[in-house]
Amino acid sequence: MTVLINIPTPLRAITKDRTVEVEGNTLSECINNLDEKFNGIKKRLINDDGEINKFLNFYINGEDVRHSKGLETETKPSSSIDIVPAMAGG
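J.: Report on helix 2 (residues 27–37), specifying residues and quantitative values.
T.: Listing the buried residues of helix 2 in full gives Leu27, Ser28, Cys30, Ile31, Leu34 and Asp35. Along the long axis of helix 2, the arc covered by the buried residues comes to 160°, so they all point the same way.

J.: So, the pairing of strand 3 (residues 56–60): which residues are in play, and what are the values?
T.: Along strand 3, the buried face is formed by Leu56, Phe58 and Ile60; none of Asn57 and Tyr59, which line the opposite face, is buried. Bridge analysis of strand 3 against strand 5 (residues 80–85) gives five bridges, and the strand direction is antiparallel. Directly across from Ile60, in strand 5, lies its bridge partner Ile81. The sheet contact formed by strand 3 and strand 4 (residues 63–64) spans two bridges and is antiparallel.

J.: Please give an account of the sheet that holds strand 4 that cites residues and values.
T.: Strand order in the open sheet formed by five strands is 2-1-5-3-4, and the pairing between neighbours is mixed. Of all the strands in the sheet, the pair left with one neighbour each is strand 2 (19–23) and strand 4. Relative to strand 2, helix 2 is tilted by about 115°, and along the sheet it contacts strand 1 (2–6), strand 2, strand 3 and strand 5.

J.: Can you explain the pairing of strand 1? Please cite residues and give values.
T.: The alternating pattern of strand 1 places Val3 and Ile5 on a buried face, while none of Thr2, Leu4 and Asn6, on the opposite face, is buried. Here strand 1 runs beside strand 2; their pairing, made up of five bridges, is antiparallel. Looking across to strand 2, one finds that Thr2 is bridged to Glu23. Relative to strand 5, strand 1 runs parallel, the two sharing three bridges. Looking across to strand 5, one finds that Asn6 is bridged to Asp82.

J.: Requested: an account of unusual backbone geometry, with residues and values cited.
T.: Phi angles above zero are rare outside glycine, and Lys16 is one such case at about 65°. Within the secondary structure layout, Lys16 lies in the loop between helix 1 (12–15) and strand 2. In this model, Asn61 sits at a positive phi of 50°, which is unusual for a non-glycine residue. For Asn61, the position within the fold is in the loop between strand 3 and strand 4. Note on Asn61: relative accessible area 46%, which makes it partly exposed.

Scoring rules and cut-offs
- Residues numbered from 1 in each chain as written.
- Predicted model: local features only at pLDDT ≥ 70, side-chain atom pairs only at ≥ 80, totals over all residues.
- Heavy atoms only, no water.
- Buried < 20%, exposed > 50% of the residue type's maximum accessible area, 1.4 Å probe, protein only.
- Helix = DSSP H or I, 4+ residues; strand = E, 2+ residues; numbered from the N terminus.
- Arc of directions from axis to C-beta.
- Pairing = 2+ DSSP bridges.
- Contact = heavy atoms within 4.5 Å.
- Axes fitted to C-alpha atoms, helices over the stretch in contact; angles between N-to-C directions.

Right under this line is the structure:
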């Protein structure tokens with residue numbers, strides 16, 4: 001099924017666009033398919049342990065995947081995935 005991924009500004013140098021459509025039934029499948037379109041982007045999203053980079057948050061239809069099944073969180077037709085870089089400051 002087609003899923004829309006909203007790309008944050010720091011990653012737009014790779015995608016050249018703020019939104020990208022990919023196929024996938026889970027967040028993991030969507031990220032793998034995104035990497036097929038934009039080689040190397042997965043390294044920016046997933047750490048060496050195969051987990052979501054701790055400086056990124058992923059939301060599927062507004063729900064934080066860390067409070068669900070993480071990378072195995074399911075998508076539905078026309079789901080929207082937001083990639084949100086963590087903010088720091090004081």
